[in-house]
Amino acid sequence: MLSRPATETQITHGRRLWLYVVVALALVFLVVPSLLVIPLSFSSARYLSFPPPGWSMRWYEAYLGSREWREATVASFVAAGSTTVIATAFGTLAAYSLATARGGLARLIYAAYMLPLIIPAILIAIGTFLLYAQIGLNSTLLGVVLAHTVMALPLVVITVAAGLKSYDMNQELAARSLGASRPIAFLTVTLPQIRIAVASGALLAFITSLDEVVISLFVAGGNWMTLTKRMFNALRDEIDPTIAAISSLLIAVSILLLGASQLLQARQRTSR
Amino acid sequence: MPGADPVVPGLNERALAAAGRRERTALAALALPGMAIITVIALLPIVWLFWMSFRNSAGFTLEHYLRLLHPNYLLTLKTTFELSFLVTGICMLLGYPLAYLTAQAGRRAAALLIVLILFPVWTSLLVRCYAWLVLLQRRGLINSWLIDAGIIDAPLRLVHNFTGTAIGMVHIMLPFMVLPLYATMRSISPDYVRAAANLGASPMQAFRQVYLPLSVPGLVAGVIIVFVLCLGFYVTPALLGGGNVMMWSMQIERNVTYHSDWGAASALGVVLLVVALGILWMFGRIVGFDRIVGAK
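The rules behind each value
- Residues numbered from 1 in each chain as written.
- Chains lettered and ligands numbered in written order.
- Predicted model: local features only at pLDDT ≥ 70, side-chain atom pairs only at ≥ 80, totals over all residues.
- Heavy atoms only, no water.
- Helix = DSSP H or I, 4+ residues; strand = E, 2+ residues; numbered from the N terminus.
- Rg over C-alpha atoms; globule rule 2.2 N^0.38 Å.
- Contact = heavy atoms within 4.5 Å.
- Lys, Arg positive; Asp, Glu negative; His and termini not counted.
- Charge placed at Lys NZ, Arg CZ, Asp CG, Glu CD.
- Buried < 20%, exposed > 50% of the residue type's maximum accessible area, 1.4 Å probe, protein only.
- Areas by Shrake-Rupley, 256 points an atom, 1.4 Å probe, with all protein chains shown as cover.
- Buried area = accessible area lost by both parts, 1.4 Å probe.
- Salt bridge = Lys/Arg side-chain N within 4 Å of Asp/Glu carboxyl O.
- Polar contact = N/O pair within 3.5 Å; in protein donor to acceptor, adjacent residues only side chain to side chain.
- Nonpolar A, V, L, I, M, F, W, Y, C, P; charged D, E, K, R; others polar.

Chemist: Talk me through the overall build of chain A; I want residue IDs and the actual numbers.
Modeler: The secondary structure content of chain A amounts to 12 helices and zero strands. In sequence order, the secondary structure elements of chain A are arranged as α-α-α-α-α-α-α-α-α-α-α-α. Computed over its C-alpha atoms, the radius of gyration of chain A comes to 23 Å, more than 25% above the 19 Å expected for a compact globule of 272 residues. Restricting the contact set of chain A to residue pairs at least 6 apart, pairs at least 24 apart contribute 64%. Averaging the locations of the 19 positively and 11 negatively charged side chains of chain A gives two centres separated by 11 Å.

Written out as structure tokens, the structure is:
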């Protein structure tokens, strides 16, 4: 096995064993630290020790028993859900518009949609904070959702635009020549065929909002204190294993969403 | 592309052209709602910050920018660049082999590797910071393992300093290095390397003279993304640096929350934006913007 050629260069597996070691270590480095949090969340001890001295659910009870954590969780999920609806709807419309438009203007609009990915988040955060201070949107649901929508829109536009690239617009033309109006043709012919891309975009929008930290630090608060802002403050002050319980739940959400997105992509590949 | 009406010159030509224009306008308008949100919530306030960075109570001024020459700010600038270079370098060293093997793996193995590489991206930033705090702090897991094993006597200072911040940032940036590299490497045909081997190149020669140059665009894209993200990074340095690592973005936050000094904050922000966009623009011309933006 080790003396067999590994690639077209005829290098053998044995001679590039070091490469496998480096990659294995890199993968461990990427994946293991986050997963270590899960057993710790079931520890019976307050101090950190691995493996834990005993098992208990006390940190989950502490989390669920705290009104502040519960409210922050609800706030975050409400904000993420609302962001997903707005960003997916507007992002899909924009991607559709850009796919049918031609020329320099379309490129310019696409570039403008990408700006939130490029501009450092701290800058968007203080700018939005400044704006919200004038119009009273700080610490409101609308304020948080609009700010998160800004961050989610580019991802939805990228994902849906990629889906539209492999879709033949002439199908819509055929529907319209048979009497369908453009909105009807879009809803009944185009949308069903790009639904996987739209769903992937929606998942990305949801996770973007749920995980957004920097902007939330500035514009969230009061009744609309997000989970990330509360976690950030807790991590800065003192670390108590309640965070491990919350982290484990968030990891479960991440795995669920990542799994869903990989499943969607696999289905997209096989449906072609 | 309005309906199927045939064009009859001189009769309905103009009406069709007008209908076409109306339709194109309507289509372009579909991009407006999202554009409006981005413009009002993010872009206009940044223009406002730009304006504020040149104003004081007397009118136009450069004082906010001149203040950035203070040694404190210069030290922050130095830390920010040092950390960004270091993190980008480590990401290159780890990311290249990772992308290389993933690009060569079979379909199933590659799918698994991609999931493992994407897993951190989908995991909350704060969860990952917490994990590193748990591992690296004074009474954290790594120190207690090392002490129990008898390797060290006193705990190492692994976090709340430059080291911990660098480790946490590499963890977050590595996938952004791997993904553009992987995309580029997958499009390199194995035939080139096979041809080199057939012509007598050793594995090392074939890699260095054929494969490596072909993978450079992906490497450049990865380096640019990671470097620019590092420059503006806030969360990880704020948590893992423990106040001992002052990044550019943290100076901005400090000036707003502690001092309400919008002049300094906006000047710092404008400099950060100009540097970040400048780097992207420069390298966007070299490797193409699509590669940089599309890699997310």
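Let's pick the thread back up.
Chemist: Describe the overall build of chain B, and please don't skip the residues or the numbers.
Modeler: Check the secondary structure of chain B and you find 14 helices and two strands. For chain B, whose C-alpha radius of gyration is 26 Å, the value lies well above the compact-globule estimate of 19 Å for 296 residues. Each of the three principal axes of chain B carries a C-alpha extent, and together these read 95 × 75 × 30 Å. Relative to its 296 residues, chain B shows a buried fraction of 51%. Of all intrachain contacts in chain B linking residues separated by at least 6 positions in sequence, the fraction that spans at least 24 positions is 69%. Working note: accessible area of chain B is about 14,200 Å², and carbon and sulfur atoms make up 66% of it. Distance from the positive charge centre (20 side chains) to the negative charge centre (11 side chains) of chain B: 3 Å.

Chemist: Summarise the interface of chain A and chain B; cite the residues concerned and give the values.
Modeler: Across the contact, 91 residues belong to chain A and 82 residues belong to chain B. Of the roughly 8,000 Å² buried where chain A meets chain B, counting both sides, 82% is carbon and sulfur surface. For chain A, the biggest contributors to the area lost against chain B are Glu-8, Phe-29 and Leu-30 of chain A; these three give 9% of the whole. Along the contact surface separating chain A from chain B lie two salt bridges. A salt bridge links Glu-23 of chain B to Arg-182 of chain A; the shortest N-O distance between them is 2.8 Å. Run the count over chain A and chain B and you get 10 residue pairs in polar contact (both at pLDDT 80 or more). The element contributing the most residues to the side of chain A that touches chain B is helix α1 (residues 17-41) of chain A, with 15 residues. Classifying every residue of the side of chain A that touches chain B gives 66 nonpolar, 16 polar and nine charged.

Chemist: How would you sum up the side chain of Thr-242 of chain A? Please name residues and give values.
Modeler: Residues and elements named next belong to chain A. With respect to the helices and strands, Thr-242 occurs in helix α12 (residues 242-270). A distance of 2.5 Å separates polar atoms of two side chains, one belonging to Thr-242 and the other to Asp-240. Not counting residues within four places of it along the chain, the set of residues in contact with Thr-242 comprises Trp-59, Ala-62, Tyr-63 and Trp-69.

Chemist: Please set out the pattern of salt bridges residue by residue, giving values where relevant.
Modeler: Residue and element names in this part refer to chain A. Counted under the stated rule, the structure contains eight salt bridges over all chains. In this structure, the salt-bridge partner of Glu-71 is Arg-67, at a minimum N-O distance of 3.0 Å. Taken together, the positions of Glu-71 and Arg-67, both in helix α3 (residues 67-100) and four residues apart, correspond to about one turn of that helix. In this structure, Arg-182 engages Glu-172 in a salt bridge whose closest nitrogen and oxygen atoms are separated by 3.4 Å. Highlighted residues: Arg-182 in helix α8 (residues 182-193) and Glu-172 in helix α7 (residues 170-177), separated in sequence by 10 residues.

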